[in-house]
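# Survey of secondary and tertiary structure
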Amino acid sequence: MMKQHPALPKLVLILKQFLVHRGLNEVYNGGMSSYCLTLLIVSFLQGYHKPNFEPSANFGAALLEFFEHYGINFNYDKVSIHFQSTGLYKPRRSGGNLLSVEDPLVSGHDVAKGTYLMNLLKMSFQNAFYTLSKAVTESLATKTPVSSFLHLIVKVDPEALTNREMMLNNHSKLMKKLSKLIDKLDENHSVECASTSTPRSTPKSFHKKKKFG
């Protein structure tokens, strides 16, 4: 699957964080599981047939179109996602949650069954699409180069940044201690080698011939 869709790991990573930031990543709270999210992305990539365009070569465009696909264009009321050779979608049954995703490993199992906040998820995808589209359009209009727009839709918890900084500081201190210890060991080893390499004087008594008989 990774060979077929090299953009998959990056999309999963970013979109998972996107859901975490909005509290929509847990099924027991009505959110979307990682498995369901992955299947959504796979379905999107399988249906991605734009000429002369490879999602892995332009990750930003693929992410933007994912938001457009599931935030605006996808017909949740009429089709469900499945992974049979006959096609990407099939007519969905009436009732149930807004999203229906057939488990490719377990026939008849809907992995989106517990995602009862799909309306909120759809709105989040839609808002992300409009936010990113606006930022890209403004950047092109003003000819202002921007390295990344991800900060507009994905936020990192300040506590996580603090913990990361503490880990880096602790790692730096540890490496300094190890460096000093290694230098000291090397120094001791050098002194020891120097002392063993110096020829020792042979005691005079050793050269005296002993008389026998």
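Residues numbered from 1 in each chain as written. Predicted model: local features only at pLDDT ≥ 70, side-chain atom pairs only at ≥ 80, totals over all residues. Heavy atoms only, no water.

Per an unreviewed UniProt entry, the recorded name for the protein is Non-canonical poly(A) RNA polymerase protein Trf4-1, and the organism is Araneus ventricosus.

### A closer look at the environment of Val 146
For Val 146, the location among the structural elements is in the loop between helix H4 (118–142) and helix H5 (158–197). Residues Val 146 and Ala 135, 11 residues apart in the sequence, show an inter-C-alpha distance of 9.5 Å. (Helix = DSSP H or I, 4+ residues; strand = E, 2+ residues; numbered from the N terminus.)

### Side note on the packing of aromatic side chains
Scanning all chains against the criterion turns up 11 aromatic pairs. The rings of Phe 18, Phe 44, Phe 66, Phe 67, Tyr 70, Phe 74, Tyr 76, Tyr 89 and Phe 125 are connected pair by pair, giving a single aromatic cluster. Above the plane of the ring of Phe 18 lies Arg 22, whose end atom (NZ or CZ) is 3.7 Å from the centre. (Phe/Tyr/Trp six-rings, centres within 6.5 Å; stacked < 30°, edge-to-face > 60°. Lys NZ or Arg CZ within 6 Å of the ring centre and 35° of its normal.)

### Looking at helix H3 (residues 59–73)
The end-to-end C-alpha distance of H3 is 20 Å, a good match for the 21 Å that 15 residues give at a rise of 1.5 Å each. Across the 15 residues that make up H3, a large majority, 11, are buried. All of the buried residues along H3 are Phe 59, Ala 61, Ala 62, Leu 63, Leu 64, Glu 65, Phe 66, Phe 67, His 69, Tyr 70 and Gly 71. (Expected span 1.5 Å × (residues − 1). Buried < 20%, exposed > 50% of the residue type's maximum accessible area, 1.4 Å probe, protein only.)

### Considering the pattern of salt bridges
Two side chains that carry opposite charge are able to pair once their charged atoms sit near each other. The full count for this structure, using the stated rule, is 1 salt bridge. Put simply, Lys 90 and Glu 102 hold a salt bridge, and the shortest N to O gap is 2.5 Å. One end of the pair, Lys 90, is in strand E2 (residues 87–91); the other, Glu 102, is in the loop between E2 and H4, with 12 residues separating them in the sequence. Accessibility expressed as a relative area gives 15% for Glu 102, which makes it buried. (Salt bridge = Lys/Arg side-chain N within 4 Å of Asp/Glu carboxyl O.)

### Remarks on the packing of helix H1 (residues 8–21) against helix H2 (residues 34–46)
With their axes 10 Å apart at the nearest point, H1 and H2 run at an angle of 130 degrees to one another. The angle between H1 and H2 places the two elements in the oblique class. Every pair of crossing elements has a handedness; the one defined by H1 and H2 is right-handed. From H1, Leu 8, Leu 11, Val 12, Leu 15, Lys 16 and Leu 19 reach across to H2, where they touch Ser 34, Leu 37, Thr 38, Ile 41, Val 42 and Leu 45. Here the contact of H1 with H2 is built from residues that sort into 9 nonpolar, 2 polar and 1 charged. (Axes fitted to C-alpha atoms, helices over the stretch in contact; angles between N-to-C directions. Parallel < 35°, antiparallel > 145°, perpendicular 65-115°, else oblique. Left-handed = near helix turned anticlockwise from the far one by under 90°. Contact = heavy atoms within 4.5 Å. Nonpolar A, V, L, I, M, F, W, Y, C, P; charged D, E, K, R; others polar.)

### Description of H4
Here H4 is 25 residues long and its end C-alpha atoms lie 36 Å apart, about the 36 Å a rise of 1.5 Å per residue gives. Three or more residues of H4 are buried, namely Met 118, Leu 121, Ser 124, Phe 125, Ala 128, Phe 129, Leu 132, Ser 133, Ala 135 and Ser 139. Each element contacted by the buried residues of H4 is listed here: H1 and H3. Looking one or two residues past H4, Lys 143 carries a phi angle of roughly 55 degrees, positive in sign.

### Some details on the side chain of Thr 115
In this fold, Thr 115 is placed in the loop between E2 and H4. Residue classification places Thr 115 among the buried positions, given a relative accessible area of 1%. At a separation of 3.0 Å, a polar atom in the side chain of Thr 115 contacts the main-chain carbonyl oxygen of Gly 31. Apart from residues no more than four positions distant in its own chain, Thr 115 is found in contact with Gly 30, Gly 31, Met 32, Asn 97 and Leu 121. (Polar contact = N/O pair within 3.5 Å; in protein donor to acceptor, adjacent residues only side chain to side chain.)

### Concerning the environment of Gly 31
Position of Gly 31 among the secondary structure elements: in the loop between H1 and H2. Since its relative accessible area comes to 0%, Gly 31 is described here as buried. Taking the C-alpha atoms as reference points, Gly 31 and Val 20, separated by 11 residues in sequence, lie 9.5 Å from one another. Not counting residues within four places of it along the chain, the set of residues in contact with Gly 31 comprises Leu 24, Glu 26, Gly 114 and Thr 115.

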